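The primary structure of each chain is shown beneath.
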Amino acid sequence: MKGSHSAILLASTAICLFAGAPARAQDGQPATTDTESAQDGDAAAQPEIVVVGTRIEGARVTEALPVVVVNQDRLDAIGAVSGDELIRNIPQMGDVSFNPGNNAQTSNAARGDVGSVNLRSLGVGNTLVLLNGRRIVTHPASQGLSDTGTVPVLSYNSNAIPTTGLQRLEVLLDGAAALYGSDAVAGFVNTVLKDNYDGLRLQAQYGGAEGTHLTEFQGNILAGKNFERGNITVSLEYTDRAALRAEDQDFTASANLRPLFAEFPDFAGSTTPDGRATRGAWPALMVPVTGGRPRRGTTNLTTAAGAFTVRPTRLGGCTQALTADLCLVNTALATNNAFRDLRYDTAVGTTVMPAVKRYNAFANGHYDLTDTLTLFGEFGYYRSDTLRIQPPVINLNQIWIPASNYYNPFGAVGSPNRLPGLTNVPAEGLPVLLTTYRFVDTGPQTVKVKGEQLRGLIGVRGETAGFKWDSAFVYSEASAVDSSLAVRSSALQKSLALATPDAYNPFNGGCIDTLSFGDCTPSAQAALDAITFQFRRRSKTTLTMGDFRASRADLFALPGGDVGMAFGAEVRRETQRDDRDSSVDGSSPFVDAVTGAVTISDAAAVSDNPDAYGKRTVAAAYAELAVPLVSEDMNIPLVRRFDVQLAGRYEHYSDFGSVARPKIAAAWDVFDGLRFRGSFSQGFRAPNLEQVNAVEYARLATSQDFLRCEVDLRAGRITNFTACGNNVGYSRRVSGNPDLKPEKSTNYNLGAVFEPAFLSGDLGRVTFTVDYWSIRQKGIVGILGNDTAVALDYLLRLQGSSNPNVIRDAANADDIAAFAGTGITPVGRITTVRDQFVNLLPQTVRGLDFAFYWQSPKTGIGKFDLAVNATRLLKFARAPGDAVDMLVAARADGDINAATPLPETQNLIEANGRPKWRGTASLTWSLGQFQIGAFGRYTGAVDETGFVDTAGNPWRVKSQFTANLYAQVRIRDAAGLGGDMRWRVGVRNIADKKPPLSSEGYLGSLYSPYGRYWYTSVTTEF
């Protein structure tokens, strides 16, 4: 608790030094504004926004910084019910990788009611999120789905942002490390909640996605009361959302999406859109053959290596009948070509978005203790409960079925299911190795996630010697409990050992009529109850912080005006704990009763993962100067005004040492209405606590075994490389790296603001902005990646060597037969791919931001407010490294197949989730009690680099434009109680456009998985 004591001491010292000062408005709580952009217009025309980009209240240098402010009109036009929906509608916001509709929902993902924040697509963790000007705690569950090789990253949870009581959302599109913290590499998002509210507002909204089961109800209350010496404002929000089911839409109804690509000849033959899993109800089995292959008469019942499977008789190729519908086949499990329907359709019976119950409560207030001292405080509480339906549990780790199993066809003599007339099978029977399998008879996997976030703040503010100051102590924590159905390997093997009908039966397959889903011959309920349990992952993060900050806008005078100054200090303590279930953290390993082999994980579907805990203390100090070098009174030609911001921040990390980072920004008014602006800053981001503290953990990974694809192509078993069906599951073992270096960044921004003063006031206020920005990052934390490692093994084995990080079984008799005549040395299946976190090569991102704003005066036909905001990526490049360069060259030279999908190389624009263009536009018309609002959103096209045609050209995920519309009417004193009522009807995605098609149906990081959404709301305010 060393950090906590330091924070309290800092806050106490500040109170003692400044306790005699007069009160002021809290920094970070500026007056309400209806403007769209804080840099537009002069100070006399509108209230100041203090917190965005500067700590100096009233400083003109805010006009040097690119800022987007989402005000109440735009909030209404977006119609968001969650923070995630709100964040997605900021064009400079990149991929939303943490969200229920985007990723493979395993227990290693951040499941539940979670949305991530990622400005400029620089990666989760590079954007700072503030609440009323102070940082919040990160979501506790990490997720390994970043574009730097599935490195675990942490994000702020956008869904913990309350939409009730939200006054505005401020987004700084410039590096803010010098003032707000080293993790603000891409900028920050500040949520400003209403305060000083006096009254009562009640609101209810109901809506749903057309043609689906997705419905949402939200009810909220905003209440506030002014009293003689202060105010208290409270908001309460409740959201109840029904699940979006996979069956609701054609692009999610099945994991086999090949029919949707039938009209695209270059991609129609590809198996990539068939996402059905090789692990299904039809098992892959093997017996030891040291005493010879099991036979019945002269018929071999297994392959030379002992492999066999069970499948429906109607598919043919039977070796031995088991029932009227099932037979034993003396081949390894085949799930391609004629047997592709034996793959499991993981979409059937599942949900795309979980059912959610969300609670958000927030209270803030202030009280004048004396005429010179004000106490202020905040309290926030968020909770969510989600319910998600996922496919049945898989068998990840191989397990031996004892010879005593009641259903074993090679069981002991006397067993009712032992095949008659067996040769090379001893009287005591043979154990059977179960490899590829899914426990379909346990039913769909139900996942429940409970998330909580708590925040408490108390502080004081005042003024001394012309300095306005405040100091606060903040404590916040976030926790998540993820609970899901799982199968315990030790209990499974005990059930498998039973010689009674209550034994678990893996030999009976699934459903004869629906081969790809369901189990029509389930095991006994007693067996299912015996092998299943609730698997839990508990995670928690905390943030304890004390800070002090002070500013003065008129420290001393220069010919150009008053010099402003701000300075401050903070100490914060961060912790993260990831407490894994005892079945996977090493405390209760699985010991195979047949072989004695020890496996760390005792959960059939989850790889081993040790618990992780990390903590750090960060002490920081900053200073800022706002220097007006030239004012309009100096009458210098072509220099109406020239203002400079100088800032610097020093931070000391308990685990990474010290760092200092500068920032300089300037605004040059050439004449009234034309301003040029620019900034330079540097950033520093330490690896997150999990990246540093993680010991080796395992994850299930699935890739194409490109070497076996080449073998099948040469042997004539497939006609082209894209038709390969050699998906292989293996263990990906990743280790943390205590020697990781911090990520460093350099930011540049150059822009212009044009407000044509020559336009008549009758035309309203018009503003154009354009900004060029560049961010260069060094030392991004990443890993080589699975597909790269497997592709490298493919190339090296063709050249006579191998990749030592790709570990394979020794070639068995079946492997030798499969490789025969291809000229390639036989190898076994991939079992493990090893990797470690490393600092990758530099990354450079550049782009242009454009904005147009028009606010009309009030006229006889109403008032209009138009805002257009767009961003264009010019460069997004990261050197891929020597290994990828070698693979790309080998593909170009024909050393590996031209259709081998490779990781993104130098130019990453439009690669998987970085559109070249994004934009939004909003238009609001108000006349008396009526208002109509429209909102449009454009997302450019991207390439899906893992889905290519025979020539290696990627699938193009098309662009999309969607439009929202709402109309509302206000009724004065509707209930006769002196209040006002507002009734609104709205629609999002009015044209009912589906998300653009991808091989997985849609890109969840860019698009919502549904079309037109209708809603209506009623608000009453007293």
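Here, the structure is the one placed above.
My aim in this report is to walk through the structure given alongside it, one point at a time. (Residues numbered from 1 in each chain as written. Predicted model: local features only at pLDDT ≥ 70, side-chain atom pairs only at ≥ 80, totals over all residues. Heavy atoms only, no water.)

1. Digging into the sheet that holds strand 12 (residues 299-300)
And step 1. Taken together, the three strands give an open sheet; going across it, the order is 12-11-20, and neighbouring strands pair in antiparallel fashion. Looking at the sheet topology across the chains shown, the edges are occupied by strand 12 and strand 20 (422-423).
And step 2. As paired strands, strand 11 (residues 295-296) and strand 12 are joined by two bridges and run antiparallel to one another. Bridge pairing in strand 12 links Arg296 to Thr299. (Pairing = 2+ DSSP bridges. Helix = DSSP H or I, 4+ residues; strand = E, 2+ residues; numbered from the N terminus.)

2. Side note on the sheet that holds strand 32 (residues 697-704)
And step 1. Taking strand neighbours across the sheet as the criterion, the four strands line up as 32-33-38-37 in an open arrangement whose pairing is mixed. Each edge of the open sheet is held by one strand with a lone partner, namely strand 32 and strand 37 (806-808). Across this sheet, the average inter-strand angle for adjacent strands is 30°, counted without regard to direction.
And step 2. In terms of strand pairing, strand 37 meets strand 38 (residues 830-836) through three bridges, oriented antiparallel. Each residue of the ladder has a partner; that of Ile807, found in strand 38, is Thr832. (Axes fitted to C-alpha atoms, helices over the stretch in contact; angles between N-to-C directions.)

3. Some details on the packing of aromatic side chains
And step 1. Counted under the stated rule, the structure contains 33 aromatic pairs.
And step 2. Note on Phe533 and Phe535: the rings are 6.5 Å apart at their centroids and 65° apart in plane angle, and the pair reads as edge-to-face.
And step 3. Taking the relative accessible area as the measure of exposure, Phe533 reaches 12% and is therefore buried.
And step 4. Centroid distance Trp854 to Phe864: 6.1 Å. Interplanar angle 10°. Geometry classified as stacked. With a gap of ten residues between them, Trp854 in strand 40 (residues 843-855) and Phe864 in strand 41 (residues 863-878) connect regions that are remote in the sequence.
And step 5. Using a relative accessible area of 23% as the deciding quantity, one classes Trp854 as partly exposed. (Phe/Tyr/Trp six-rings, centres within 6.5 Å; stacked < 30°, edge-to-face > 60°. Buried < 20%, exposed > 50% of the residue type's maximum accessible area, 1.4 Å probe, protein only.)

4. A few points about the state of the cysteines
And step 1. Scanning all chains against the criterion turns up three disulfides.
And step 2. The residue that forms a disulfide with Cys511 is Cys520, at a sulfur-sulfur distance of 2.0 Å. Around the S-S axis, the bridge from Cys511 to Cys520 shows a dihedral of about 100° and counts as right-handed.
And step 3. What makes Cys520 exposed here is its relative accessible area of 55%.
And step 4. The residue that forms a disulfide with Cys709 is Cys724, at a sulfur-sulfur distance of 2.0 Å. In this structure the cystine formed by Cys709 and Cys724 twists about its S-S bond by roughly -80°; its chirality is therefore left-handed. In this pair, Cys709 sits in helix 9 (residues 706-715) while Cys724 sits in the loop between helix 9 and strand 33 (727-735), placing the two residues 15 residues apart along the sequence.
And step 5. According to the relative accessible area criterion, Cys724 is buried, its value standing at 1%. (Disulfide = S-S within 2.5 Å.)

5. Things to note about the pairing of strand 31 (residues 674-685)
And step 1. Counting buried residues in strand 31 gives nine out of twelve residues, a clear majority hidden from the surface.
And step 2. Once strand 30 (residues 657-671) ends, the chain turns through two residues before running back antiparallel as strand 31, passing Gly673 with a positive phi of about 110°.
And step 3. Examined bridge by bridge, strand 31 and strand 34 (residues 743-754) share twelve bridges and lie antiparallel to one another. Across the sheet, Leu674 pairs through a bridge with Phe754, a residue of strand 34.

6. Things to note about helix 12 (residues 882-893)
And step 1. Across its twelve residues, helix 12 extends 16 Å between first and last C-alpha, which sits within 8% of the 16 Å expected from 1.5 Å per residue.
And step 2. For helix 12, every residue scored as buried is listed here: Ala883, Val884, Leu887 and Ala890. Projected down its long axis, helix 12 carries its buried residues within an arc of 125°, all on one side. Turned more than 90 degrees away from the buried face of helix 12, the exposed residues are Asp882, Ala892 and Asp893.
And step 3. Among the structural elements, helix 10 (786-798) are those in contact with the buried residues of helix 12.
And step 4. Positioned one or two residues after helix 12, Gly894 has a phi angle of 85°, which is positive. (Expected span 1.5 Å × (residues − 1). Arc of directions from axis to C-beta. Contact = heavy atoms within 4.5 Å.)

7. Quick word on the environment of Asp585
And step 1. Mapping Asp585 onto the fold places it in the loop between strand 25 (561-579) and strand 26 (590-591).
And step 2. When the C-alpha positions of Asp585 and Ile600 are compared, they lie 7.5 Å apart, and in sequence the two are 15 residues distant.
And step 3. With residues up to four places along the chain from it excluded, the contact list for Asp585 reads Arg580, Asn609, Pro610 and Asp611.
And step 4. At 2.6 Å, the side chain of Asp585 and the side chain of Ser587 are in polar contact. (Polar contact = N/O pair within 3.5 Å; in protein donor to acceptor, adjacent residues only side chain to side chain.)

8. Some words on the side chain of Thr832
And step 1. Among the structural elements, Thr832 can be located in strand 38.
And step 2. Ignoring any residue separated from it by four or fewer positions in sequence, one finds Thr832 in contact with Tyr730, Ser731, Arg733, Asn805, Val806 and Ile807.

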